[in-house]
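Topology and contacts: notes
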Amino acid sequence: MPDTSMPDLTRLKFGVGQPVPRNEDPALLRGRGRYTDDISLPGQLFCAMVRSPYAHGTITGIDTAAAKEVPGVVAVYTGADLQAAGFGVLHCTLPLKNRDGTPLRNIERPALAMDKVRFVGDPVACVVAESRAAARDGAEAVFLDIDVLPAVTEASAAAAPDAPDLYDHIPGNVVLDFHYGDAAKVAAAFASAAHVTKLSIRNNRVVVCAMEPRSAIGEYDAASGRYTLHVGCQGVFGLRGQMAKDILKVPVEKVHILTGNVGGSFGMKASAYPEYPCLLHAAKELGRPVKWTDDRSGAFLSDQHGRDHEVEAELALDAEGRALAVRLTAFANMGGYLATVGPLMGTGNFVKNIQSNYATPLIEVNTKCVVTNTTPVSAYRGAGRPEGNYFFERLLEQAARETGRSAIELRRINHIKPDQFPFATASGSTYDSGDFTAVLDQALRAADWDGFPARRAESQARGKLRGRGIGNYLECTAPPMKEQGEIRFEPDGTVTIITGTLDYGQGHWTPFAQVLHERLGVPFEAIRLVQGDSDRLVAGGGTGGSKSLMASGAAIVEAAALVIEKGRQAAAHMLEAAPADIEFDRDAEGHGRFTIAGTDRSIGIMELAERLRTANDPPPDLPTSLDVRHVFDQAPMAFPNGCHICEVEIEPETGHAEVVRYMSVNDFGVIVNPLLVEGQAHGGIVQGIGQALYEHVAYSEEGQLLSGSYQDYCLPRASDLPSFGFQSHPVPAKTNPLGAKGCGEAGCAGSLPAVMNALVDALAEYGVSHIDMPATPERIWRAIQAARA
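These numbers were taken from a predicted model, which means no experiment stands behind them. (Residues numbered from 1 in each chain as written. Predicted model: local features only at pLDDT ≥ 70, side-chain atom pairs only at ≥ 80, totals over all residues. Heavy atoms only, no water.)

**Thoughts on the overall build of the protein**
Note the cut-off: Under the DSSP-based scheme used, a helix requires at least four consecutive residues in state H or I and a strand at least two consecutive residues in state E, with every element numbered from the N terminus. Buried residues are those whose accessible area, probed at 1.4 Å on protein chains only, stays under 20% of the maximum for their type, while exposed residues exceed 50% and partly exposed ones sit between those limits. Here the Shrake-Rupley method, with its probe set to 1.4 Å, supplies the accessible areas, and only the displayed protein chains count as covering residues. Only four residue types enter the tally: Lys and Arg on the positive side, Asp and Glu on the negative side; His and the chain ends are excluded. Think of each charge as sitting on NZ of Lys, CZ of Arg, CG of Asp or CD of Glu.
For the protein, the count of helices and strands is 20 helices and 28 strands. For the protein, with 789 residues in total, the buried portion stands at 60%. A total of about 29,000 Å² of accessible surface is found on the protein, and carbon and sulfur atoms cover 51% of it. Treating the 72 positive side-chain charges of the protein as one cloud and the 95 negative ones as another, the clouds have centres 2 Å apart.

This is the structure we're talking about:
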């Protein structure tokens, strides 16, 4: 493998480590982005979905006659039509096993429900019309004959003996009885412990609330037998594979996925949805493109939700305060169907992330994954990573209160120390790097921990409670998958990066260009990024799990090294020298140049690319271009970590809580673009605050969504938030060429425990030792009243 060591180019204005503004922002801010709903194809039709108004029931009939008579309606399709066309089903792709070794009870979900409906919003038919209004009118004219059945919305209730079964092949509604750890050793540790702390913790369900609702356009070319889907997603390569193999049952080359700008996803848009096969089937049958765009009410019902776990958490300590074991016993709500990775969060990701940055030697996780009559649940920013950290941090704080110890000292005692790396954890991961206690100490200084008593006194003088909380976190990123790193020198003088991760708000173009600019010395402003066309990819892991820079960045680094090797061969010919005598470096202005060692004879990389492209009758051994298509193999996961410190004020007479101070210190390894990294951290922190204080999905006993709009579902606003302090304590990762650790989800991992620990600290004078998310004014007020009573 060519040398991929990092050059020292701190002089470069656009190099690694520089806060370069995002390349895509000017176009987006001027409204020149191109999202799926911005696309209109010649002759396109419009689709509207018919959704179940009931949470649970048997379908006895779907009458489409009246809908077909609505002016403008072209066709109405049901599940029987898609089944007759040979379409496959959506299902969970994880090879998870029950504690007895048997596989999880998977669910084959047709795009349109055929036998039963299992949540409010379950699609049962689609209407295609000449206009969006006609399609909606047609959808309203479809008559559903459904025998309503009892519904269950809570996972623990669904697992109870008297709960209604959603599926005949899943008695008791438990699709997976997951277990990790040595139960006997963990039990022995708890039996011998000097102290045991227990907490019942609810990880509340949230709506993803992406800024852009889901939208898609289906096309079919009869001559080639090829499907094209324009859709917002998190990776076109993976989505093409799922659509081709699982749903359309065609070779992958018969499916083309195109993605433009994407207005947020947070995990929700990663996989196929029922609407997509409906659109492609209609396009094939009708010979015209078919477009569908959801509205916000539909998104609340049909977009996969996040979180929703009921957890009994336990921590065993010895007499010195060292953790002996941690144990989670949980119910994970899957919703009415299994999403592609639905069980992951409450199983494997609980295991990986409950370890955090502590040397806990024993871990046990027991999780029942249960289907309920609710919207399916899947990945949401962090996808089990924030939860694992939240559970441990709450246990540690509670243990400190119960034992009279300092929670800070408990953290220091249990931190993995720098001289212990590489550290084999009880969760099965091997940590490669970190300086956890130093990060904690830096955060305490940056947050002015010692100045808190004066701030608390000032709040009390205004009749308010004030509390402070720590969120010391470490999360295990998703491991980078095979990723394409293609570099092309174009005739117009630009340089194109082609890769399989996909930017849905992160700003990939700029940091990827910074990496390439630093490696090759090509002009930063000449670099373009192609990422949303499956026809141009031979590999691609998509974006998710905070791994994009580790995957695409590593692919770019390795591809750049191959460009240099090709360039040496070509420059040797152009300069009439031996390849061994050609050196590659950058001149005083940072431009890449190939030079004969010991001389001033050289050629710039851009000039070399142009001369190769225009060469007449080149010799057979001369490269025809500097273009490289490379696939990065995979690297281990990385372990971003940090410490967040939050201060809150509470008005005791109303229960209203406000985050008033916030500081975070993070170890993200090598930071390519600190401006973007800080922005990612801010976004994650806000989503964590949202879950902690505001957001909650509520269902009635009949399974009706009670929080189905922003009238009833609260999101944080800018006016609810303070300015965020942000500092770095980077320890480069040893698991990827860039030394990066990922940052996209870390904000949530630190903010959930920091905010909730601060709230409990503020309420401690009333004797309140725990409060669940979301800590709404009513919930806080009730806790205060109960404590007073």
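**A word on the side chain of T496**
Quick reminder of the rule: In the analysis that follows, any N or O atom pair within 3.5 Å is treated as a polar contact, provided that within protein one partner can donate a hydrogen and the other can accept it, and provided that, for residues neighboring in sequence, both atoms belong to side chains. Whether two residues touch is decided by their heavy atoms; if any such pair falls within 4.5 Å, the residues are in contact.
Mapped onto the elements, T496 comes out in strand β20 (residues 495-498). In this structure the side chain of T496 is engaged in a polar contact, spanning 2.9 Å, whose partner is the side chain of E490. When sequence neighbours within four positions are dropped, the list of residues in contact with T496 reads E486, I487, R488, E490, R528 and V530.

**With respect to the pairing of strand β8 (residues 195-203)**
Two faces, one strand: in a regular strand the side chains alternate between the faces of the sheet. Selection criterion: DSSP-based pairing: two strands are paired if at least 2 bridges between them are found.
The two faces of β8 differ: H195, T197, L199, I201 and N203 on one face are buried, but V196, K198, S200 and R202 on the other face are not. With nine bridges joining them, β8 and strand β13 (residues 309-317) adopt antiparallel strand pairing. In the sheet register, L199 faces β13, and the bridge partner there is A313.

**Comments concerning the side chain of R455**
Checked against the element boundaries, R455 lands in helix α14 (residues 452-461). Here R455 falls in the buried class, since its relative accessible area comes to 13%.

**Digging into the pattern of salt bridges**
Test applied: Note on definitions: salt bridges are taken to be side-chain nitrogens of Lys or Arg within 4 Å of carboxyl oxygens of Asp or Glu.
Enumeration according to the criterion identifies 46 salt bridges in this entry. Of the charged contacts in the structure, one is a salt bridge between D177 and R99, with a shortest N-O distance of 3.2 Å. Separated by 78 residues along the polypeptide, D177 in strand β7 (residues 174-180) and R99 in the loop between α3 (79-84) and β4 (116-117) bring together distant segments of the chain. Its relative accessible area of 18% is what places D177 among the buried residues. What emerges from the salt-bridge pattern is a single network uniting D448, R455, E458, R462, K464, R466, E647, E649 and R661.

These results come straight from atomic positions and should not be treated as a statement about function.
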